Amino acid sequence: MSVEQIRASAGKFQRRIQGRNLREYIAAAVVAVFFGFEFGRTDDPLARTGFGLVIAGMCYLVWHLHTNGSSSSLPEDVGISTCIQFQRRELVRQRDLLTGVWRWYLGPLIPGLAVLLVAFGRANPGHLKHPALVVVPEAIFFALTFLAIAMMNSHAARKLQRQIDELDQASLES
């Protein structure tokens, strides 16, 4: 691999990370606005707690993504070994971010969603004999969504690991 190839690859990777982060920031803002609206609309203290916890979880998620998942630029005028080391560090950092998705992305949302499920089950105005008929499908939906997100991130982490392995091989050859 030449310096130009690594620089091009690093630039493409940096743009992908910036795009991913922008999408996550926008989604977090939409969720926070929606849940903030619902927070202000309800009188139920348990539902307000759930909405507030989800918003707090989203704030933590955005902070963690910005702090640990922002892309860095490849320094100018560096040699091939420095390029490889830089790109490897970036790939490792992003891989580690993706493998920890339960800790920083999904985990912080679980308490708020759990409280909201309880609040929705309690708020049954009496027209449902079994509130679980509403709450259980919602819980299953959230669980399946979270599992899908975790699986997608695990797949992306494996792809990054393959790129790390390729850089390691290139480093041995240079």
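Here the structure is a predicted model, which is why all the values come from computation and not from measurement. (Residues numbered from 1 in each chain as written. Predicted model: local features only at pLDDT ≥ 70, side-chain atom pairs only at ≥ 80, totals over all residues. Heavy atoms only, no water.)

A. Structural view of the overall build of the chain. If you tally the helices and strands in the chain, you get 6 helices and 0 strands. In sequence order, the secondary structure elements of the chain are arranged as α-α-α-α-α-α. For 174 residues, the compact-globule estimate of 2.2 N^0.38 gives 16 Å, and the C-alpha radius of gyration of the chain, at 21 Å, exceeds that figure by more than 25%. With the principal axes as the frame, the chain shows a C-alpha extent of 70 × 25 × 20 Å. Residues counted as buried form 35% of the 174 residues belonging to the chain. Within the chain, residue pairs in contact and separated by at least 24 positions form 78% of the contacts whose partners lie at least 6 positions apart. Summed over all atoms, the accessible surface of the chain reaches about 10,400 Å², with 65% contributed by carbon and sulfur. Positive and negative side-chain charges in the chain, numbering 18 and 14 respectively, have mean positions lying 5 Å apart. (Helix = DSSP H or I, 4+ residues; strand = E, 2+ residues; numbered from the N terminus. Rg over C-alpha atoms; globule rule 2.2 N^0.38 Å. Buried < 20%, exposed > 50% of the residue type's maximum accessible area, 1.4 Å probe, protein only. Contact = heavy atoms within 4.5 Å. Areas by Shrake-Rupley, 256 points an atom, 1.4 Å probe, with all protein chains shown as cover. Lys, Arg positive; Asp, Glu negative; His and termini not counted. Charge placed at Lys NZ, Arg CZ, Asp CG, Glu CD.)

B. Region of the structure containing helix 3 (residues 80-99). When the terminal C-alpha atoms of helix 3 are compared, their 28 Å separation across 20 residues agrees well with the 28 Å that a helix rising 1.5 Å per residue should span. Of the positions making up helix 3, those classed as buried are Cys83, Ile84, Phe86, Gln87, Glu90, Leu91, Val92, Gln94, Arg95, Leu97 and Leu98. In this structure, the buried side of helix 3 is in contact with helix 1 (3-41), helix 2 (45-69), helix 4 (101-106) and helix 6 (132-173). (Expected span 1.5 Å × (residues − 1).)

C. Structural view of a positive patch on the surface. Judged by side-chain charge, Lys12, Arg15, Arg16, Arg158, Lys159 and Arg162 come together as a positively charged surface patch. Of all the elements in the fold, those that place two or more residues in the positive patch are helix 1 and helix 6. Note on placement: arginine 15 falls in helix 1. (Patch = residues over 30% accessible without salt bridge, like charges linked within 9 Å, V, L, I, M, F, W, Y side chains within 5 Å. Salt bridge = Lys/Arg side-chain N within 4 Å of Asp/Glu carboxyl O.)

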